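Summary of the model geometry
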Amino acid sequence: MSLVTKRNLADQDGAYAALIGAHKGLSDAESTAFNARLILILMNHIGDQAVIGEALALAKASGGRVAG
Amino acid sequence: MPYDYKPFPFVTPPGLTAPEPRHPVVIVGAGPIGLAAALELANHGVRSVVLDDNNVVSVGSRAICWSKRSLEILDRLGVGAACVEKGVVWKVGRTYHRDREVFNFDLLPEPGHRMPAFVNLQQYYVEEYLAAKALASDLIDLRFKNRVTGVSQAADGARVEIETPEGSYTLEAGYVLACDGAKSPIRAMLGLEFQGVLFEERFLIADIEMEADFPSERRFWFEPEFHQGQSALLHKQPDNIYRIDLQLGWDTDPAEENRPEKIIPRIEKVVGHGRFKLDWHSIYTFQCRRLDRFVHGRVIFVGDSAHVVSPFGARGGNGGLQDVDALGWRLAAVVKGAAPAAILQRYDLERCHGADENILNSSRSTRFMSPSDGAERWFRDATLALAGHAEFARPMVNSGRLSVPCVYPLSDAPDVAGMPLSARPGAVAPDAPLGNDWLLSGLGGEMVVLAIGKPAPEGLVVRAVEVAVMPEVKARYLGDADSALYLIRPDQIVAARWERAEDGVIDALVAAIWEGRA
């Protein structure tokens, strides 16, 4: 298995809206904690450390943080 | 009952009146590791002098959790039964978040092992038992109030400068074992430094004497009500002594926190009353560091002098005993001229590997207990929050991963695919019941071939032990195979295994091991 980077959700707009909706009314700190729980849940569901490693690398590479 | 410290007598060493003949091995430090090393060498017929700057056993309980593997090693040194008899046997650990249990572990879920998963026993008892054995041995010269002030070495040996209450003298040694603890003066004398991480965290450690019927389990709390959102550990020891560890954070003043007036109210909150006596207390910081190499010419570092880890994994004292296990047979062979000094590099390699594994586990536990601000804390707190709701998160809660022996990287060793992983080359040979006896007891301290379910080949250079296929032996050594040959090293590590070994293969590997090539 390798990380799926092609479209994989039938209703992408709906899934995106659910994610935003789940954060509604949360403070920044609460959102951060929520995201942390969510990531742990999804990471366990994926259950493949190589895939998780690819996901971490993609997230890192796409961050566009300005060096300095 | 608090421990009754009986000072060992100072005996005038012969070196004060006339130069002593060169000693094959001088061991510096009569803690558990130095004493175990002396006894292990004596088991292999090698003499040693053990020097200690003090004249009592460990002040304070210090190392209290002795693992199954340590008990097997201590058993070979003659004190295993005493440790189990006196100690508090336990195998279950429970971890709480606030007042809710989120995770528990059973360290020895299967029967058929002679030794329990762990016993809790104050370090002073272990030292007392080991010292009694050492004092009774003709091969061990144990000298108290002998402080090492200098070490120098040449290609063929080392010189040790010693100060005593009656004057100073010098010893010549083939090898010096530095078993002088985390603050090792010998390490400083050789100008060697630890490398690794010092964590910005402090813990209070306290022993209290108290009448209570707390279970014989390890209990660890994250953010308990009784300790203001920090971590706490409670552990039972013999003699109604309880160990309590309390996380203090980095901003606290260690001198202030180490005052009984400050400690007692903290402990009252933990146990819910004031009916206890403070027996011993200390403040410690977390560090995970080691020497780059453990063998430095004729000076060999063993135990805490070579590597230190944060507590909560029971990897300090137990790691040190595994050092002794890996070094004793090799050093004995070198001293007796039966092996080249190159074999000592195998000690270095294997125990650096072991130390790295201990440091890795210990660092991860430390980071979980004491996360840095930001993402590390968010994920730590997320794990604790999830643990009450989802099974997967419970084992992620890390309050310490308790010491199990590492598997040495014997990548070239003959192996049989499909045989149980628990007995793969590099692992400690698993114990198993054999009628009224135990498999490990029958191995002794020498290299042996274990022939399971078949006769051993004739004319081997090592002793052969033939074992019937009892259910536990089958499960732990054979799996689906009907029979096997195992080569077991003197430290009871599996060196190799075969279903069928061609003529000469076993003898060739035995020779390679003694030459330090395998």
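By convention here, each chain's residues receive numbers from 1 onward along its written sequence. Throughout, the order in which chains and ligands are written sets their labels, letters from A for the former and numbers from 1 for the latter. At least 70 in pLDDT is required for a residue's local features to be given in this predicted model, at least 80 for side-chain atom pairs to be given and counted, and no such filter applies to totals for whole chains, interfaces and linings, which use all residues. Heavy atoms throughout the structure, all of them, feed into the side-chain values; hydrogens and water do not.

A few points about the overall build of chain B
- Scanning chain B for helices and strands turns up 13 helices and 25 strands.
- Here the radius of gyration uses the C-alpha set of atoms, whereas the globule reference equals 2.2 Å times the residue count to the power 0.38. Computed over C-alpha atoms, the radius of gyration of chain B comes to 24 Å, within 12% of the 24 Å expected from 2.2 N^0.38 for 518 residues, which places it in the range of a compact globule.
- On the principal axes, the C-alpha backbone points of chain B span a range of 65 × 65 × 45 Å.
- Three labels apply to residues, based on accessible area from a 1.4 Å probe with only protein chains included: buried if under 20% of the type maximum, exposed if over 50%, partly exposed otherwise in between. For chain B, the proportion of its 518 residues judged to be buried stands at 56%.
- Contact definition: two residues touch when any of their heavy atoms are within 4.5 Å. Sequence separation of 24 or more characterises 71% of the internal contacts of chain B that already satisfy a separation of 6 or more.
- Areas reported here follow the Shrake-Rupley algorithm with a probe of radius 1.4 Å; residue values treat only the protein chains shown as occluding. Working note: accessible area of chain B is about 21,100 Å², and carbon and sulfur atoms make up 50% of it.
- Residues scored as charged are limited to Lys and Arg (positive) and Asp and Glu (negative), so that His and the chain ends carry no count. Note that the charge is assigned to NZ on lysines, CZ on arginines, CG on aspartates and CD on glutamates. In chain B, 55 positive and 69 negative side-chain charges are present, and the distance between their average locations comes to 2 Å. Secondary structure follows DSSP: runs of H or I at least 4 residues long count as helices, runs of E at least 2 residues long count as strands, and numbering of each begins at the N terminus.

Comments concerning the domain arrangement of chain B
All names here are of chain B.
- According to the domain assignment, chain B contains domain 1 (14-89 + 118-195 + 289-360) and domain 2 (421-514).
- Placing the centre of domain 1 and that of domain 2 at their C-alpha centroids yields a distance of 29 Å.
- Each partner contributes to the interface: domain 1 provides 14 residues, whereas domain 2 provides 11 residues.
- For the pair domain 1 and domain 2, the two sides together bury roughly 1,000 Å², of which 55% comes from carbon and sulfur.
- Note on definitions: salt bridges are taken to be side-chain nitrogens of Lys or Arg within 4 Å of carboxyl oxygens of Asp or Glu. At the boundary of domain 1 with domain 2, the tally comes to 1 salt bridge.
- The shortest N-O distance in the salt bridge between Glu350 and Arg489 comes to 2.8 Å.
- Under the rule applied, a polar contact is a pair of N or O atoms within 3.5 Å (in protein, one hydrogen donor and one hydrogen acceptor; residues adjacent in sequence only if both atoms are side-chain atoms). On inspection of domain 1 and its partner domain 2, the count reaches 4 residue pairs in polar contact (both at pLDDT 80 or more).
- When residues of the side of domain 1 that touches domain 2 are traced back to their parent elements, those giving at least two are helix 2 (68-76), helix 8 (317-335) and helix 9 (343-369).
- With 5 residues, the top contributor of residues to the side of domain 1 that touches domain 2 is helix 8.
- All residues other than Ala, Val, Leu, Ile, Met, Phe, Trp, Tyr, Cys, Pro, Asp, Glu, Lys and Arg, Gly among them, are scored as polar; the first ten of these are nonpolar and the last four charged. Grouping the constituent residues of the side of domain 1 that touches domain 2 by class yields 6 nonpolar, 1 polar and 7 charged. Each domain span listed reflects an automatic or database assignment of domains. Note on definitions: buried area is the accessible-area loss of two parts on being combined, 1.4 Å probe, summed for both.

Here we look at helix 12 (residues 471-478) of chain B
All names here are of chain B.
- Taken residue by residue, helix 12 has Val473, Arg476, Tyr477 and Leu478 as its buried positions. On an axial view of helix 12, the arc spanned by its buried residues comes to 155°, and they lie on one face. Away from the buried face of helix 12 by more than 90 degrees, exposed residues Pro471 and Ala475 are located.
- Looking at the buried residues of helix 12, the elements they touch are strand 20 (433-434), helix 11 (439-443), strand 22 (448-452), strand 23 (463-467) and strand 24 (484-488).
- Two residues or fewer past helix 12, Gly479 is found with a positive phi of approximately 65°. This arc is built from the directions going out from the helix axis to the C-beta atoms.

Considering the packing of aromatic side chains
Residue and element names in this part refer to chain B.
- Side-chain rings of Phe, Tyr and Trp, where Trp is taken by its six-membered ring, are said to pair if the distance between their centres is within 6.5 Å; with planes under 30 degrees apart they count as stacked, over 60 as edge-to-face, and otherwise as tilted. Scanning the model with the defined rule gives 22 aromatic pairs over all chains in all.
- Ring centres 6.2 Å apart and planes at 35° place the aromatic pair Tyr125 and Tyr129 in the tilted group. With Tyr125 and Tyr129 both in helix 4 (residues 123-136) and 4 residues apart, the pair spans about one turn of that helix.
- Of the residues examined, Tyr125 reaches a relative accessible area of 10% and is grouped as buried.
- Relative to Phe222, the ring of Phe220 has its centre 4.9 Å away and its plane inclined at 55°; by these criteria the two rings are tilted. Exposure class is identical for Phe220 and Phe222. Each is buried.

Structural notes on helix 1 (residues 32-43) of chain B
All names here are of chain B.
- Compared with the 16 Å implied by 1.5 Å per residue over 12 residues, the 16 Å span of helix 1 between its first and last C-alpha is a close match.
- Burial runs high along helix 1: 11 of the 12 residues are buried.
- Turning to helix 1, its buried residues are Pro32, Ile33, Gly34, Leu35, Ala36, Ala37, Ala38, Leu39, Glu40, Leu41 and Ala42.
- Gly45 occupies a position one or two residues after helix 1 and carries a positive phi of about 80°. A helix is expected to span 1.5 Å multiplied by its residue count minus one.

Some thoughts on the sheet that holds strand 15 (residues 241-247) of chain B
All names here are of chain B.
- Should DSSP find at least two bridges between two strands, the strands are taken to pair. With mixed pairing, the 8 strands of this open sheet are ordered in space as 6-5-13-14-15-12-16-19. Pairing within the sheet leaves two strands with one partner each, and these edge strands are strand 6 (100-106) and strand 19 (307-308).
- Here strand 13 (residues 218-222) runs beside strand 14 (residues 231-237); their pairing, made up of 4 bridges, is antiparallel. In the sheet register, Phe220 faces strand 14, and the bridge partner there is Leu233.

Some details on a nonpolar patch on the surface
- A contiguous nonpolar surface patch, about 320 Å² in accessible area, is contributed by Tyr16(A), Leu19(A) and Ile20(A).
- Take Ile20(A): it is sitting in helix 1 (residues 12-22). To count toward a patch, a residue needs a relative accessible area above 30% and no salt bridge. Like charges then connect within 9 Å, nonpolar side chains (Val, Leu, Ile, Met, Phe, Trp, Tyr) within 5 Å.

Some details on unusual backbone geometry
Residues and elements named next belong to chain B.
- The residue Arg62 is not glycine, and still its phi comes out positive at about 45°.
- Its location among the elements puts Arg62 in the loop between strand 2 (48-51) and strand 3 (65-67).
- A relative accessible area of 44% means that Arg62 is categorised as partly exposed.
- Not every positive phi belongs to a glycine, and Asn240 is a case in point at roughly 60°.
- Within the secondary structure layout, Asn240 lies in the loop between strand 14 and strand 15.

Focus: the side chain of Gln123(B)
All names here are of chain B.
- As for its placement among the helices and strands, Gln123 is situated in helix 4.
- There is a polar contact of 2.7 Å between the side chain of Gln123 and the side chain of Glu127.
- In contact with Gln123, other than residues within four places in its own chain, are Pro32, Ser58, Ser61, Arg62, Ala63 and Trp66.

Notes on the nonpolar core
Residue and element names in this part refer to chain B.
- Judged by nonpolar contacts, the single largest core of 99 residues is most densely connected at Ile27, Leu51, Leu177, Ile300, Val302, Leu331 and Leu487.
- No other element matches the 9 residues that helix 8 contributes to this core.
- If you count residues domain by domain, this core takes at least three from each of domain 1 (14-89 + 118-195 + 289-360) and domain 2 (421-514).
- Beyond its immediate chain neighbours, meaning those up to four positions away, Ile300 contacts Tyr175, Val176, Leu177, Ala178, Phe294, Val295, Leu327, Leu331, Leu344 and Tyr347.
- Of all hydrophobic cores here, the second largest spans 33 residues; its members include Val102, Phe203, Phe220 and Tyr284. Here, nonpolar core means buried Ala, Val, Leu, Ile, Met, Phe, Trp, Tyr and Cys residues that are tied together by side-chain atoms lying within 4.5 Å of each other.

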